[in-house]
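So you can see what is in the structure, the chains are spelled out below.
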Amino acid sequence: MAEYRTMEEAELRQRTRALLDEVHPERTDSISFRRAQYEHGLAWVHFPEGHGGLGLSPKMNVVVHDEISKHSKVVHHDPPASIIGIGMGAPVVLTYGSEEMKRTLLQRIFSGEDIWCQLFSEPSAGSDVAGLATRAVRDGDDWILNGQKVWTTVAHLSKWGMLVARTNPDAAKHDGLSYFLLDMEAPGVEVRPLYQITGEAEFNEVFLTDVRIPHERMLGKEGQGWQVAITTLMNERVAIGGGGSKKKGGGATAQLLKLWQERQPGAVSASQEALLRDRVTQCYIDNELLRLTSQRARAAQSSGNPGPEGSVSKLAQAEINKRLWETAIDVMGADGLSFEEGYELRQAATHSGSAKALAKYQFLRSRANSIEGGTSEIMRNILGERVLGLPGEPRVDKNVPWKDVPRS
Amino acid sequence: MALDFSFSEEHEELRATVRAFLQETSDEQAVRQHMASEPGYDSELWQQLAEQLGLAGLIIPEEHGGAGFGYVELLVVMEEMGRALLCAPFLGTSVLATNALLACADELTQKELLADIAAGRKLVSLAHAEANGRWDLAGVELRTQAAGDGFELSGSKRWVLDGHGADVLLVVARSDAGLELFRVDAGAKGLDRSLVPSLDLTRKLAHIELAATPARRVSSGDQTAALERVLALTCAALAAEQVGGAQMCLEMATEYAKTRLQFGRPIGSYQAIKHKCADMLVAVEFAKSAAYAACFAAANDEQDFQELAALAKSTCSEAYFHAAADNIQIHGGMGFTWEHPAHLYFKRAKASDLLFGDAAHHREVLAGLIGI
């Protein structure tokens, strides 16, 4: 557990006002303002002094945000493309990076000058990410990498990638991995958009052909990549956070109810309509249950007795969201046959079409909910084993050199 | 308003006390004994619950001799009772009839009955459902008949909780004013009561026939709205009981999956069983959220209480039934035997799903309330 020093809230507010006296968001662009915010130790106050923080408790971060909002109409929030860098990149650099890395990388992550991506998943290593096959071979002061990564968000915008590669194929799978910082502009790195079921590319594939990474860009020790990756993944869980709409009947439910209210009268028989109405009501209920369960999880957390209510949300939310959009399509009936957006292959963008067009897009996009960030099958294993304490499956890949484990 | 779902230390103490008491007095052997008896419960145990724990009058105000607690305490107690499969007239007398008395009855009747309920001296049952099979109040057809200064009732009532042994029946009947509440005492002329051979042996139900039976009107004016709320409150409490039962089924199934070995390893290590347990866990946690939300809303008199009660009854009915059914499946052949308690939970689950309207009925109620 990290130890934090204490500071009066008033002093932190005072320091924030000092920042605002020097640069004001209303008169400064996001990058310049956030650079200054970092220099004042107000980027993430729980980071050490000199690295964008003041060594305070993470709870104090809201004070800074609150004080800025109070004195400025413009707030320079975390840039959307920087979510991975800020949520996972900065903590991993802080924990495992050299002083040189902290000095050169952290400020540019916070300012939004450098975008970061995460290179863990591979075509042959999905749920079993520790079985990944990208090879790193030592060559003097460098490592030479060959392999393919997949499902990489913002890779096409990124300066840096957090990459796990196999440095020792003779070790058991978790033990032969190392964690690298990859310069995405290095020769041999090729980023291609990965078009999805919707025709959009939210993700990329990254191909690595004889890419050189200097040894000093290894984070953690050789063979320690899995532990470093776990640190990153834990921060991912925190960054993604818990589920459901904040408001009663809000979010996706509101969109479904709108489609229901605007359904074509007389398109289906009364008994068919009664069946649909029951499904719509069940969708409303399910989303309320998600919302109420995350409220209950928060209450349990603040009373210091977190129970299983937090862990069930990921699984439930995926299944519930898929069911909601399936229902939405069925409510539309024959209208579900058209796809107004078209399937032109393109980069992901915000969607501003009609409620119907959006629902059709969501009908397709939501298939990923039970796959991304842990499939529903893996989530059920986690709930069964870690929450209920059921025994694991016998493992055929345990204590076996990675190179001898069968893989597709 | 956001519900906070916080249980205080006192609530946790209450839970621990009731759990310990029921483990002692209502273990499986006791449940089997009580369910086989004609009254369907143990009168000595009921007396202890009333006197030592103050549960018979848990939600009866102190001025009427009760404990004066609210719906958060009730939810804790119901959860524990559901877990233990307690055989007792608690739902019928201390929840349903008590709520009807508090919401609809005149002062005299409250005075006459509430203190006796709290002391465990009297059982009171509300009779509203009829042979038409409907659970909504619009289904009440029994009409009042004026007889001299008073009233007489003729007709039948169905599925009356503990109605065969109740000291007093509160009968819902239709008049020109709307729905009104009538008191009929045990032994009244023309009153015929028969115990229903029930699917769920742990909760007794009776059919009631009334033939020109003298009845005292105990309410004033149309009670439809008040009775709607009484039924919703009862559903919220029943949902909490269902949660307790479902949690117990989850624990039984999980425990068995850890210890039962087939093909050389615990069956819980197979994903077919593990994933069933995980889905059960999700359903039980969601059921808790629903039942707690409804009971906290009742306690705080929230505007959307009736929506939440319908949502809870629907959710918890399905969660309990599926948990009880999967518990049998996970126990395999053993789970199908009379000797194993799994069937007792299964029967309680289905019966409490059907009682006061099943899951689909309550989705219909909710849809009506929120305009789907």
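**Looking at the overall build of chain A**
Here is step 1 of the chain: Counting its secondary structure elements, chain A contains 11 helices and 10 strands.
Here is step 2 of the chain: Taking 2.2 N^0.38 as the reference for a compact globule, 408 residues should give roughly 22 Å; the C-alpha atoms of chain A span a radius of gyration of 24 Å, in line with that estimate.
Here is step 3 of the chain: When each of the 408 residues of chain A is scored for burial, the buried share is 38%.
Here is step 4 of the chain: Contacts in chain A between residues far apart in sequence, at least 24 positions, make up 71% of those at least 6 positions apart.

**Focus: the overall build of chain B**
Here is step 1 of the chain: A tally of regular secondary structure across chain B gives 11 helices and 9 strands.
Here is step 2 of the chain: Within chain B, the proportion of its 372 residues that are buried is 54%.
Here is step 3 of the chain: Here the analysis covers contacts within chain B between residues at least 6 apart in sequence; of these, 75% occur between residues at least 24 apart.

**Comments concerning the pairing of strand β3 (residues 150–161) of chain B**
Residue and element names in this part refer to chain B.
Here is step 1 of the chain: Across 4 bridges, strand β2 (residues 144–147) lies against β3 in antiparallel orientation. The residue of β3 that forms the bridge with T144 is L153.
Here is step 2 of the chain: As consecutive antiparallel partners, β2 and β3 are separated by 2 residues, and within that stretch G148 has a phi angle of approximately 60°, a positive value.
Here is step 3 of the chain: Where β3 and strand β7 (residues 205–217) come together, 8 bridges link them in antiparallel fashion.

**Some points on helix α2 (residues 30–39) of chain A**
Residue pairs three or four apart in sequence face the same way in an α-helix, which turns once every 3.6 residues.
Residue and element names in this part refer to chain A.
Here is step 1 of the chain: Restricting attention to buried positions, one finds in α2 the residues F33, R34, Q37 and Y38. Within α2, the buried residues cover an arc of 140° as seen down the axis, which keeps them to one side.
Here is step 2 of the chain: Of the surrounding secondary structure, the elements contacted by the buried residues of α2 are α1 (9–22) and α5 (99–111).
Here is step 3 of the chain: Just past α2, the residue G41 takes up positive phi, approximately 75°.

**Structural notes on the interface of chain B and chain A**
Here is step 1 of the chain: If you look at the interface, chain B gives 33 residues, while chain A gives 34 residues.
Here is step 2 of the chain: Looking at the side of chain B that touches chain A, the elements that each hand over two or more residues are α7 (224–259), β9 (265–266), α8 (271–299), α9 (305–335) and α11 (359–370) of chain B.
Here is step 3 of the chain: Per-element tally for the side of chain B that touches chain A: the top contributor is α8(B), with 13 residues.
Here is step 4 of the chain: In terms of residue class, the side of chain B that touches chain A is built from 18 nonpolar, 9 polar and 6 charged.

**Looking at the nonpolar core**
Here is step 1 of the chain: A236(B), A239(B), A290(B), A291(B), A294(B), C295(B) and A312(B) are the most contacted members of the largest nonpolar core, which has 159 residues in total.
Here is step 2 of the chain: Sorting elements by how many residues they give to this core places α7(B) first, with 20 residues.
Here is step 3 of the chain: In terms of nonpolar packing, the next biggest core, distinct from the first, is built from 57 residues, A155(A), W160(A), M162(A) and V206(A) among them.

**Describing the domain arrangement of chain B**
All names here are of chain B.
Here is step 1 of the chain: Partitioning chain B into domains gives domain 1 (9–118), domain 2 (124–222) and domain 3 (225–370).
Here is step 2 of the chain: The C-alpha-based centres of domain 1 and domain 3 are spaced at 21 Å.
Here is step 3 of the chain: The interface of domain 1 with domain 3 comprises 21 residues on the first partner and 27 residues on the second.
Here is step 4 of the chain: Elements with a minimum of two residues in the side of domain 1 that touches domain 3: α2 (28–36), α4 (71–84) and α5 (90–104).
Here is step 5 of the chain: Ranked by residue count, the leading element in the side of domain 1 that touches domain 3 is α4, at 10 residues.
Here is step 6 of the chain: Partitioning the side of domain 1 that touches domain 3 into residue classes produces 14 nonpolar, 3 polar and 4 charged.

**As for the domain arrangement of chain A**
All names here are of chain A.
Here is step 1 of the chain: Examined at the domain level, chain A breaks down into domain 1 (9–78 + 90–111), domain 2 (116–227) and domain 3 (241–373).
Here is step 2 of the chain: Each of domain 2 and domain 3 has a C-alpha centre, and these two points are 34 Å apart.
Here is step 3 of the chain: Between domain 2 and domain 3, the residue contacts involve 8 residues of the former and 10 residues of the latter.
Here is step 4 of the chain: Considering only residue class, the side of domain 2 that touches domain 3 consists of 4 nonpolar, 2 polar and 2 charged.

**Some thoughts on the packing of α7(B) against α9(B)**
Residue and element names in this part refer to chain B.
Here is step 1 of the chain: The interhelical angle for the contact between α7 and α9, taken along N-to-C directions, is 25°, at an axis separation of 8 Å. One way to sum up the angle between α7 and α9 is to call them roughly parallel. In the packing of α7 onto α9, the handedness of the crossing is left-handed.
Here is step 2 of the chain: By residue class, the composition of the contact of α7 with α9 is 22 nonpolar, 6 polar and 2 charged.

**Section: the confidence of the model for chain A**
Here is step 1 of the chain: Of the residues in chain A, 95% have a pLDDT of 70 or more, and the chain-wide mean is 92.
Here is step 2 of the chain: Contacts from residues 237–241 of chain A, a stretch scored under 50 in pLDDT, to residues over four places away or in other chains number 4 contacts.

**Details of unusual backbone geometry**
Here is step 1 of the chain: In the Ramachandran plot, W151(A) falls in the positive-phi region, its phi being about 65° despite a non-glycine side chain.
Here is step 2 of the chain: By the element assignment, W151(A) lies in strand β3 (residues 142–153).
Here is step 3 of the chain: C-beta crowding within 10 Å serves as the criterion here: with 21 such atoms nearby, W151(A) is assigned to the buried category.
Here is step 4 of the chain: Located in the positive-phi region is F356(B), a residue other than glycine, with phi close to 60°.
Here is step 5 of the chain: You can see F356(B) is positioned in the loop between α10 (342–354) and α11.
Here is step 6 of the chain: Under the C-beta neighbour-count criterion, F356(B) is labelled buried, with 23 such atoms within 10 Å.

**Considering the confidence of the model for chain B**
Here is step 1 of the chain: Confidence along chain B averages 97 in pLDDT terms, with 99% of residues attaining 70 or more.
Here is step 2 of the chain: Here the prediction assigns the complex a pTM of 0.91, and the interface score ipTM is 0.95.

**Overview of the environment of E73(B)**
Residue and element names in this part refer to chain B.
Here is step 1 of the chain: Secondary-structure assignment places E73 in helix α4.
Here is step 2 of the chain: For the pair E73 and V171, spaced 98 residues apart in sequence, the C-alpha to C-alpha distance is 28 Å.
Here is step 3 of the chain: Beyond its immediate stretch of four places on either side in the chain, E73 contacts H11, L14 and L58.

**Section: the packing of helix α7 (residues 252–261) of chain A against helix α9 (residues 312–332) of chain A**
All names here are of chain A.
Here is step 1 of the chain: The contact between α7 and α9 brings their axes to 9 Å, and the two run at 15°. Classified by the angle between their axes, α7 and α9 sit roughly parallel to one another. For α7 against α9, the interelement crossing comes out left-handed. Along its contact with α7, which presents A252, L256, L259 and W260, the element α9 presents N321, L324, T327, A328, V331 and M332.

**Brief notes about helix α3 (residues 61–71) of chain A**
All names here are of chain A.
Here is step 1 of the chain: V63, V64, E67 and I68 are the residues of α3 that are buried. Projected onto a plane normal to the axis of α3, the buried residues spread over an arc of 130° and lie on a single side. Looking at α3, the residues exposed on the side facing more than 90 degrees away from the buried face are V62, S69 and K70.
Here is step 2 of the chain: Those residues of α3 hidden inside the fold are in contact with α1.

Criteria and cut-off values
- Residues numbered from 1 in each chain as written.
- Chains lettered and ligands numbered in written order.
- Predicted model: local features only at pLDDT ≥ 70, side-chain atom pairs only at ≥ 80, totals over all residues.
- Helix = DSSP H or I, 4+ residues; strand = E, 2+ residues; numbered from the N terminus.
- Rg over C-alpha atoms; globule rule 2.2 N^0.38 Å.
- Buried ≥ 20, exposed ≤ 12 C-beta atoms within 10 Å, placed from the backbone.
- Contact = placed C-beta atoms within 7 Å.
- Pairing = 2+ DSSP bridges.
- Arc of directions from axis to C-beta.
- Nonpolar A, V, L, I, M, F, W, Y, C, P; charged D, E, K, R; others polar.
- Core = buried A, V, L, I, M, F, W, Y, C linked by C-beta atoms within 7 Å.
- Domains from an automatic or database assignment.
- Axes fitted to C-alpha atoms, helices over the stretch in contact; angles between N-to-C directions.
- Parallel < 35°, antiparallel > 145°, perpendicular 65-115°, else oblique.
- Left-handed = near helix turned anticlockwise from the far one by under 90°.
- pLDDT = per-residue confidence, 0-100.

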